[in-house]
Amino acid sequence: MYDIIAKKRDGGVLSDEEIQFFITSYVAGEIPDYQASALLMAIFLRGMTPHETAQLTMCMAHSGDMVDLSAIDGIKVDKHSTGGVGDKTTLIVAPIVASLGVKVAKMSGRGLGHTGGTIDKMESIPGLHTDLDRARFFEIVRRVGCCVVGQTGNLVPADKKLYALRDVTATVNCIPLIASSIMSKKIAAGSDCILLDVKTGSGAFMKTVEDSIKLAQAMVEIGEHVGRQTVALITDMDRPLGCNIGNAIEIEEVCSTLHGEGPEDLTEVCLDLAANMLYLAGKGAPTACRALARGQIANGQGFAKFCEMAAAQGGNPAVLENPALFPKAAAEYDVPAAADGWITAMDTEKCGIASVELGAGREQKGDPVDYSAGIVLLKKTGDCVCRGEPIARFYAADKQKCVSAAQLFEGAVSIGQEAPAPVPLVHARVS
Ligand code: URA
């Protein structure tokens, strides 16, 4: 291990055997954290070639269970988002593409910090389970076409150990390490093709379009190296996606979007994501696939598939047909505009933190989540507002939570005297 650290410290290229040795021995507990930390820092400073990054990814993917989806007929397409605020796209695009015959066997995560998690949103549907065993997961994907579960089994233990170490050694923000961390989990999850939604902006892990493109390129290159066709879209997270930030209220927005009545930004991003998943599954060129996806909203089949998936996972589809049946928060609170003018920016990370304050997210792993809490944005970036007019409605278990979240939220909203220039929803496509 000493020689491997020294080689990377001096800018050398690690061999496949050296990378394999590092991952296998570290997961087995045979390499101490101080040596693993030294190697991570050397990688942080010196970088990795595309071949080294691909080898690291594959060794990490094989460090635990590999899901074998070959028992399910057809092309399986996975989707991954690097995380954002108001990002409920999986629950819209998975049913749309499944309603066109493309299988989606998706493992998702819970919310942490300012970013929400698909699993929490799904569990706000009364009765719905995301902790299904492998046999039940496969049965639902086969029968319904899509299923979204939490991570089960011993998937990529190398990433769990390495991420915890990176978190405390200032080595998280390193493109080969981020790319191998994300792609190892996608590869272990077993799908044939992968669509990556790399978020960019104030609510995203990557704050600039340039960095987001670099990360996307690294991940697409790994996909190519290991024979999994991968496409990435760089999508905007400089404002929350859609209007609702929370759990049950995001499910309401999933339903309205699948009915063709959702916010324009969310609808457009979902159509682009669905189009690229369909393209990866061989359904045609992205523009033709976008029209197919739009058709599944117009003919109601996307919504019907979402209800079918929720019911298969034990959820009560009555709340999807009539979201007024979702349990309601005890306190409601309107946040007024502080001035006349245009909303020129919304610091999206701060909006996410305000939603955590309301109870919709968690500060620490394992914290409970209040499914009925959250924020409905009545105005967004680019909208004209009058002083005192409500710009957001908060939902929480009590008024005090709303008052402290309002202080955070007010700091997130900038109002100016000129309308801001429009910003694209999809900044780039990397394939
Ligand atoms: N998300 C991941 O899964 N891994 C990283 O390293 C960073 C973000």
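Residues numbered from 1 in each chain as written. Predicted model: local features only at pLDDT ≥ 70, side-chain atom pairs only at ≥ 80, totals over all residues.

**Some words on the UniProt feature "domain: Pyrimidine nucleoside phosphorylase C-terminal" (unreviewed entry) in the chain**
Then step 1. With numbering aligned to this structure, UniProt lists the feature "domain: Pyrimidine nucleoside phosphorylase C-terminal" (unreviewed entry) at residues 342–416.
Then step 2. Between the end C-alpha atoms of residues 342–416 there is a gap of 5 Å, over a span that is 31% helix and 29% strand. (UniProt positions renumbered as here; feature names shortened; annotations may be inferred. Helix = DSSP H or I, 4+ residues; strand = E, 2+ residues; numbered from the N terminus.)

**Points about the pairing of strand β11 (residues 390–396)**
Then step 1. Counting buried positions over the seven residues of β11 gives five, a clear majority of the element.
Then step 2. Inspection of the sheet shows strand β9 (residues 374–377) paired to β11 by four bridges, in the antiparallel sense. Opposite G374, over in β11, you have Y395 as the bridge partner. (Buried ≥ 20, exposed ≤ 12 C-beta atoms within 10 Å, placed from the backbone. Pairing = 2+ DSSP bridges.)

**Considerations on the sheet that holds strand β10 (residues 384–385)**
Then step 1. With respect to topology, three strands assemble into an open sheet ordered β10-β8-β12, the strand pairing being antiparallel. Looking along the sheet, the strands with just one partner apiece sit at the ends: β10 and β12 (413–416).
Then step 2. Relative to β10, strand β8 (residues 341–346) runs antiparallel, the two sharing two bridges. When the bridges of β10 are listed, G341 appears paired with V385.

**Concerning the site of the ligand**
Then step 1. Near the ligand, the surroundings consist of Y163, V172, L177, I178, S181, I182 and F205.
Then step 2. A total of four residues in the shell around the ligand trace back to one element, the largest contributor, which is helix α9 (residues 175–188). (Near = placed C-beta within 6 Å.)

**A short note on the domain arrangement of the chain**
Reports of interface size often rely on the accessible area that becomes lost once the parts have come together.
Then step 1. Assigned domains of the chain: these are domain 1 (2–47), domain 2 (69–321) and domain 3 (328–416).
Then step 2. One C-alpha centre belongs to domain 1, the other to domain 3; they are set 44 Å apart. (Domains from an automatic or database assignment.)

**Structural notes on the nonpolar core**
The nonpolar side chains of soluble globular proteins are, as a tendency, buried together.
Then step 1. Core analysis: the largest hydrophobic core is formed by 131 residues, its most contacted members being V97, M219, A274, M277 and L278.
Then step 2. No other element matches the 11 residues that helix α12 (residues 264–280) contributes to this core.
Then step 3. M277 has contacts with V77, K79, V93, V97, V102 and L195, leaving out every residue within four places of it along the chain. (Core = buried A, V, L, I, M, F, W, Y, C linked by C-beta atoms within 7 Å. Contact = placed C-beta atoms within 7 Å.)

**Let's talk about the environment of I75**
Then step 1. One can find I75 in the loop between α4 (50–61) and β1 (77–81).
Then step 2. Here the alpha-carbon distance between I75 and A324, two residues 249 residues apart in the chain, equals 37 Å.
Then step 3. Each residue touching I75, except ones within four places of it in the same chain, is listed here: V102, K103, D192, C193, A281 and G282.

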